[in-house]
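# Inside the fold
Residue strings, one per chain:
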Amino acid sequence: MTFAGYSLLPVLPELVLAAGAMALLMLGAFRGQQTTSLVTGIAVVLLVVTGGLELWLPAGKLTTFGGSFIVDDYARFLKILALIGSGVTLILSRAYLAEQAKIFEYAILVMLSTTGMMVLISAGDLIMLYLGLELMSLALYVVAASHRDDTRSTEAGLKYFVLGALSSGMLLYGASLIYGFTGTVSFAGIAAEAKSANVGLLFGLVFLLAGLCFKVSAVPFHMWTPDVYQGAPTPVTAFFASAPKVAALAVFTRVALTAFPGIVPQWQQIVVFVSIASMALGSFAAIGQKNIKRLMAYSSIGHMGFALVGLAAGTQQGAQGVLVYIAIYVAMTLGTFAIILAMKRNGRAVETISDFAGLSRTNPLLAFFFAMFLFSLAGIPPLAGFFAKFYVFLAAIKAGLFTLAVIGVVTSVVGAFYYLTIVKVMYFDEPKEAMEPMRVELRVVLAVAGIFNLLFFVYPAPLVNAATVAAKSLF
């Protein structure tokens, strides 16, 4: 299967997903909004099929389009993770789409955004990186404003679009500078040319990393995150907090380690600064938050800082730490948002932390799971979140970044405060009116994510081994 002399086998999963999205768009356009449930169901099936195709591709490293598109163990690991994040988000969105916003386009936009994520993860040069990034981002801008009758949702979409356009411009300017000073756009070609750091190349690198920092919502390019997380519909916030983070962190790691291995000390300084700033802001700024979605936004900023600790190490072990971290982070985040989506009273969603008061007495099982996720996000052993931080801190220590590791541990302790505050509200405050019963799909997601977080320490080998193999393919 070829096109213009290039093999299409490596891009088969992306082609299937994009073609499926186009077919569903035609179905929705001709049949109207009553197809929302059908389109969403088919979209989930297509995401599962795409994941199966990704695993079906021949083992080893595959490339096409002159090396612009790479499928290796690293890409496979992260694509499966992104597909899981997108698929679970659509499952979590069922009630929202059925009761509040009957928009069939929602699932199609998620599919197109996921296609962009997969292209981004497999990018082997700056042009493919930009194409993937824009395909992912343009769909996200629309999804953020998908609830057209809600002013907050529209405002969130506009803020995200304006700041996203700025970050894309910075990234493109950085890419043009890098091309100008190396004469190539491919990561392998840049690595061969960038043996030493000249001023022009460093300027390009700074702008490129600034654009990528925006996509992972790392400080100082985090300013959109709290407003967009709070303003967007809750299922959309769950999507933003999971799958796009996987893709952005994947390309951040691939660019740093494969395009600039000759100037590690230079980009390491940038990543260390961004990591420390993100961990600190994520820990301290969340303390005064009253809205659970804003709190999760600052939590997300902090967690991206922790993940970048592994990248700062600049080693294979560091890359493995990043992969383990993002996988566990996705599980923790989706489980937490399953609970937030279940918090409804009298048909209305509640979002303030005080609404969780006395949950341990009105719904003990839900309170237990929520407390467990919060402890895991805080990094308390023996939950999965502890091991996520353990792997990145260990990589930093082995790379000699002792100060970074110490700051990471200290900010973890500070961050634990606001997670424990929610636990205190649930277990020690006077109970409010009981919540509505939890929907079946939310229970399933909660159970799977909860068991993974609770029992990860019993058998961590599958995830750790897969991350080790994936990280090795980068070097």
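Residue positions are given per chain, counting from 1 as you read along its sequence in written order. The model is predicted, so local features are restricted to residues of pLDDT at least 70 and side-chain atom pairs to those at 80 or more, both for listing and for counting; the totals for chains, interfaces and linings are taken over all residues. With hydrogens and water set aside, each side-chain value is computed from the structure's full complement of heavy atoms.

- Where an unreviewed UniProt entry is consulted, the chain appears under the name NADH-quinone oxidoreductase subunit N, with the organism given as Candidatus Afipia apatlaquensis.
- Taken directly from UniProt, the Sequence similarities (unreviewed entry) text for the chain runs: "Belongs to the complex I subunit 2 family."
- The record held by UniProt for the chain lists under Catalytic activity (unreviewed entry) the comment "a quinone + NADH + 5 H(+)(in) = a quinol + NAD(+) + 4 H(+)(out)". UniProt positions are given in the numbering used here, feature names are shortened, and annotations may be inferred rather than shown by experiment.

## Considerations on a nonpolar patch on the surface
- Patch construction takes residues with relative accessible area above 30% that form no salt bridge. Like charges are linked within 9 Å, and nonpolar side chains (Val, Leu, Ile, Met, Phe, Trp, Tyr) are linked within 5 Å. In short, Shrake-Rupley with a 1.4 Å probe defines the accessible areas, and a residue's cover is counted only from the protein chains shown. Whenever a carboxyl oxygen of Asp or Glu lies within 4 Å of a side-chain nitrogen of Lys or Arg, that contact is scored as a salt bridge. On the surface, Ile-451, Leu-455, Phe-457, Val-458 and Tyr-459 cluster together to form a nonpolar patch covering roughly 540 Å² of accessible area.
- Each residue gets one of three labels from its accessible area relative to the maximum for its type: buried under 20%, exposed over 50%, partly exposed in between, using a 1.4 Å probe on protein chains only. Looking at Tyr-459, the relative accessible area reads 60%, which means it is exposed.

## Some details on the side chain of Thr-35
- The topology assignment puts Thr-35 in the loop between helix H1 (12-31) and helix H2 (36-56).
- In this description, contact between two residues means that some pair of their heavy atoms is separated by no more than 4.5 Å. Here Thr-35 is in contact with Leu-27, Gly-28 and Phe-104, once residues within four sequence places are set aside. A run of H or I in DSSP counts as a helix once it spans at least four residues, and a run of E counts as a strand once it spans at least two, with each numbered from the N terminus.

## Digging into the nonpolar core
- Among the nonpolar cores identified, the biggest contains 176 residues, and Phe-260 and Trp-267 are the most heavily contacted of them.
- Residues in contact with Trp-267, not counting those within four places in the same chain, are Leu-205, Leu-209, Ala-256, Leu-257, Phe-260, Leu-311 and Gly-314. Joining through side-chain atoms within 4.5 Å is the link that ties buried Ala, Val, Leu, Ile, Met, Phe, Trp, Tyr and Cys residues into a set, and such a set is a nonpolar core.

## Considerations on the environment of Ala-243
- With respect to the helices and strands, the residue Ala-243 is situated in helix H12 (residues 243-259).
- For Ala-243, a relative accessible area of 0% gives the class buried.
- Put simply, Ala-243 and Asp-150 are 93 residues apart on the chain and 24 Å apart in space, counted from C-alpha to C-alpha.

## Things to note about the pattern of salt bridges
- Scanning the model with the defined rule gives 11 salt bridges in all.
- Between Arg-76 and Asp-73 there is a salt bridge, with the nearest N and O atoms lying 3.4 Å from each other. In this pair, Arg-76 and Asp-73 are both assigned in helix H3 (residues 73-92), three residues apart and thus about one turn of the helix distant.
- For Asp-227, the salt bridge is made with Arg-294, and the minimal N-O distance between the two is 3.0 Å. You can see Asp-227 sitting in helix H10 (residues 225-231) and its partner Arg-294 sitting in helix H14 (residues 292-313), a full 67 residues away along the chain.
- Through salt bridges that share partners, Glu-155, Lys-159, Asp-227 and Arg-294 make up one connected network.

## Here's the deal with the UniProt feature "domain: NADH:quinone oxidoreductase/Mrp antiporter transmembrane" (unreviewed entry) in the chain
- Within this numbering scheme, the UniProt entry marks residues 123-414 as carrying the feature "domain: NADH:quinone oxidoreductase/Mrp antiporter transmembrane" (unreviewed entry).
- When the span residues 123-414 is considered, its composition is 76% helix and 1% strand, and the gap between its end C-alpha atoms is 37 Å.

## Concerning the packing of aromatic side chains
- For this analysis, a ring pair means two rings from Phe, Tyr or Trp (six-membered ring only for Trp) whose centres lie within 6.5 Å, classed as stacked if their planes differ by under 30 degrees, edge-to-face if by over 60, and tilted for the remaining angles. Taken as a whole and judged by the stated rule, the model has 18 aromatic pairs.
- Measuring from centroid to centroid gives 6.3 Å for Tyr-160 and Phe-214, while their planes differ by 20 degrees, and the two rings are stacked. Of this pair, Tyr-160 sits in helix H7 (residues 151-182) while Phe-214 is found in helix H9 (residues 199-215), placing the two residues 54 residues apart along the sequence.
- The exposure class of Tyr-160 is buried, given its relative accessible area of 4%.
- Judged by centre distance (6.1 Å) and plane angle (70 degrees), the rings of Phe-306 and Phe-393 are edge-to-face. Within this pair, whereas Phe-306 is found in helix H14, its partner Phe-393 is found in helix H18 (residues 384-398), the two being separated by 87 residues in sequence. Both residues of the pair, Phe-306 and Phe-393, count as buried.
- Here the aromatic residues Tyr-141, Tyr-160, Phe-161, Phe-214, Trp-224, Tyr-229 and Phe-240 are joined through ring pairs into a cluster of three or more.
- Here Lys-389 stacks its cationic end above the ring of Phe-306, 4.3 Å away from the centre of that ring. Either the NZ atom of lysine or the CZ atom of arginine qualifies as a charge over a ring when it sits within 6 Å of the ring centre and within 35 degrees of the ring normal.

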